[in-house]
Amino acid sequence: MAAPKVAVVGAGVVGLSTALCVAETCPSCSVTVLSDQFSPNTTSDVAAGMLIPHTYPGTPIHVQKQWFKETFTYLFAISNSAEASEAGIHLVSGWQVFKNTPKEELPFWSDIVLGFRPMSKAELQKFPHHQFGQAFTTLKCDCPPYLLWLEKRLKAIGVQMYTRKVADLWELNSEYNVVVNCAGIGAHQLVGDEKLFPVRGQVLKVHAPWVKNFIRDGDGLTYIYPGIHSVTLGGTREKESWSLSPDPGTTKDIFDRCCSLEPSLRGAQDIKVKVGLRPSRQCVRLQREVLSQGGVKLPVVHNYGHGAGGFSVHRGTAKEAAHLVGECIAALQGSSSRAKL
């Protein structure tokens, strides 16, 4: 068969990474990214981009650990290269603090981040309302630069990108051999996934260049993540809320919570408010499916539903999705060669 044509629907961090992995693992393919929104207007642009995994109850821990390890290894290599600044990837050290000692003092990812250890008594004095903490170094992606860097990499290897709203995967059937669904929260409508729901996140981006260490409350709701140009303050987790409008009361609440962890933030300047809808479900949907209509078949690979943990596992899930695309293409080539016989 001629060079297989693959369409990736969605241009957030998962869509762009998946397109890159497909193009890298299947160089004979022609890959196209289709999305109604590109950076800076994606949900990924709002994300803090910290590599601290969010646990998926419906996915085996060893699988989540593999995804995280592959993502960390990939981004760590970029952070040690001349491209680190353009890609917006850097190491950041800090603390995760708990009001009560957690049941699991060693999370499953503790041996993948760097220098993971319990906090000392002296360190804990900085957080009088918390009695236990963990110190470690991890990676942070500044999201808009990272998405633009991914787009640049894709263009360099000949991947096409078009602004297009895909309302139904079937509309791609005549143009493409395989479709990859990385539509994020859009998959709710696109494929009618009732298990997918939005978790609204509101964050503040502030100018506070003196804040060098991340601080994350163990409940995951309050966090301070320093980036290259701004510090991200969060946050909220509002299930089933579709509102993209910033809420002033929430802004004040986030700012106050973050100032209680890091009082120097009272001097922060230039506060911008961002809202995104995390595409959440019990587990990431990462699977092959063959849609069929009137005897016509369309191979689809789904890779969406990463919720709050997209950046932490994006490269690992993209590699797995690319492997599934390879399986789809092998099956198509097998059936076309059988047809010739």
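Residues numbered from 1 in each chain as written. Predicted model: local features only at pLDDT ≥ 70, side-chain atom pairs only at ≥ 80, totals over all residues. Heavy atoms only, no water.

Test applied: UniProt positions are given in the numbering used here, feature names are shortened, and annotations may be inferred rather than shown by experiment.
For the chain, an unreviewed UniProt entry supplies the name D-aspartate oxidase and the organism Burhinus bistriatus. Per UniProt, the chain carries the Cofactor (unreviewed entry) text "FAD". According to its UniProt record, the chain has this under Function (unreviewed entry): "Selectively catalyzes the oxidative deamination of acidic amino acids. Suppresses the level of D-aspartate in the brain, an amino acid that can act as an agonist for glutamate receptors. Protects the organism from the toxicity of D-amino acids. May also function in the intestine."

## Structural notes on the UniProt feature "binding site: D-dopa" (unreviewed entry) in the chain
Put simply, the test is: Contacts are residue-level and defined by heavy atoms, with any inter-residue pair within 4.5 Å sufficient. Strands are runs of DSSP state E lasting at least 2 residues, helices are runs of H or I lasting at least 4, and numbering of each runs from the N terminus. Exposed residues in this analysis have more than 50% of their type's maximum accessible area, buried residues have under 20%, and partly exposed residues fall in between, with area computed by a 1.4 Å probe over protein chains only. Definition of a polar contact: a pair of N or O atoms within 3.5 Å, with one able to donate and the other able to accept a hydrogen when the atoms are protein atoms, and with sequence-neighbouring residues admitted only if both atoms are side-chain atoms.
Per the UniProt record, "binding site: D-dopa" (unreviewed entry) is annotated on Tyr223 and Arg278. In this structure Tyr223 touches Val203, Ile215, Arg216, Thr232, Leu233, Gly234, Gly235, Cys258 and Arg278, once residues within four positions along its chain are discounted. With respect to the helices, strands and loops of the structure, Arg278 is situated in strand β13 (residues 269–293). When its relative accessible area of 13% is taken as the criterion, Arg278 is described as buried. Apart from the residues lying within four places of it in its own chain, the contact partners of Arg278 are Ile185, Phe197, Pro198, Val199, Arg200, Gly201, Tyr223, Thr236, Arg237, Gly307 and Ala308. Within the structure, Arg278 has its side chain in polar contact with the backbone oxygen of Thr236 (distance 3.0 Å).

## Some details on helix α1 (residues 13–25)
Along an α-helix, residues three or four positions apart point the same way, because every turn accommodates 3.6 residues. Keep this limit in mind: To estimate how far a helix should extend, the number of its residues minus one is multiplied by 1.5 Å.
With 13 residues, α1 extends 18 Å from end C-alpha to end C-alpha; this agrees with the ideal 18 Å at 1.5 Å per step. Burial analysis of α1 places 11 of its 13 residues in the buried class, the great majority of the element. What α1 keeps buried is the set Val13, Val14, Gly15, Leu16, Ser17, Thr18, Ala19, Leu20, Cys21, Val22 and Ala23.

## Observations concerning helix α6 (residues 143–156)
If you check α6, its first and last C-alpha atoms are 20 Å apart, about what 14 residues at 1.5 Å a residue would give, namely 20 Å. Directly after α6, the chain includes Gly158, whose backbone phi takes a positive value near 90°.

## What about the environment of Val313?
In this structure, Val313 sits in helix α9 (residues 310–340). Linking Val313 and His323, residues 10 residues apart in sequence, is a C-alpha distance of 16 Å. Setting aside anything within four residues of it in sequence, one finds Val313 in contact with Tyr56, Gln64, Trp67, Phe68, Thr71 and His306.

## A look at the UniProt feature "binding site: FAD" (unreviewed entry) in the chain
Taking the UniProt record as the reference, the feature "binding site: FAD" (unreviewed entry) is found at Thr43, Ser44 and Val166. Inspection of the secondary structure assignment puts Thr43 in helix α2 (residues 43–46). Each residue touching Thr43, except ones within four places of it in the same chain, is listed here: Gly276 and Leu277. Residue placement: Val166 occurs in the loop between β6 (160–163) and β7 (178–181). For Val166, the contacting residues outside a window of four places in its chain are Val9, Leu34, Glu171, Leu172 and Leu190.

## Points about the nonpolar core
We apply this condition: Among the buried residues, those of types Ala, Val, Leu, Ile, Met, Phe, Trp, Tyr and Cys that are joined through side-chain atoms within 4.5 Å form a nonpolar core.
Core analysis: the largest hydrophobic core is formed by 66 residues, its most contacted members being Val33, Leu75 and Tyr146. Counting residues per element, this core draws most heavily on α9, at 9 residues. The contacts of Leu75, once residues within four sequence positions are left out, are Leu51, Ile89, Leu139, Cys141, Tyr146 and His314. Counting residues in each nonpolar core, the second largest holds 21 residues, with Trp95, Leu124, Leu204 and Leu265 among its members.

## Structural notes on the packing of α1 against α6
Note the cut-off: Angles here are taken between N-to-C directions and fall from 0 to 180 degrees, while the axes themselves are lines fitted to C-alpha atoms, restricted in helices to the stretch in contact. Throughout, the term roughly parallel applies to angles under 35 degrees, roughly antiparallel to angles over 145, roughly perpendicular to angles from 65 to 115, and oblique to all others. Rotating anticlockwise by less than a right angle from the far helix to the near helix defines a left-handed crossing, while the corresponding clockwise rotation defines a right-handed one.
α6 packs onto α1 with a crossing angle of 25° between their chain directions and a minimal axis gap of 10 Å. Comparing their axes, α6 and α1 come out roughly parallel. Along this stretch, α1 crosses α6, giving a crossing that reads as left-handed. Across the interface between the two elements, Val13, Leu16, Ser17, Ala19, Leu20 and Glu24 of α1 pack against Tyr146, Leu147, Leu150, Glu151, Arg153 and Leu154 of α6.

## Comments concerning the state of the cysteines
Stated precisely, the cut-off is as follows: In plain terms, two cysteine sulfur atoms within 2.5 Å form what is called a disulfide here.
Using the criterion set out here, one finds 0 disulfides in the structure. Cys182 provides the cysteine sulfur closest to Cys21, a residue in no disulfide bond, and the two sulfurs are 10 Å apart. Judged by its relative accessible area of 2%, Cys21 is buried. As a non-bridged cysteine, Cys328 has Cys29 as the owner of its nearest cysteine sulfur, 10 Å distant. Residue classification places Cys328 among the buried residues on the basis of a relative accessible area of 3%.

## Observations regarding unusual backbone geometry
At the junction of Ser39 and Pro40, the peptide bond is cis and its omega measures out at 10° in the coordinates. Among the secondary structure elements, Pro40 is positioned in the loop between β2 (30–35) and α2. That bond from Gly234 to Gly235 is cis: its omega, 0°, falls within 30 degrees of zero. Looking at where Gly235 falls in the secondary structure, it is placed in the loop between β11 (231–234) and β12 (238–239).

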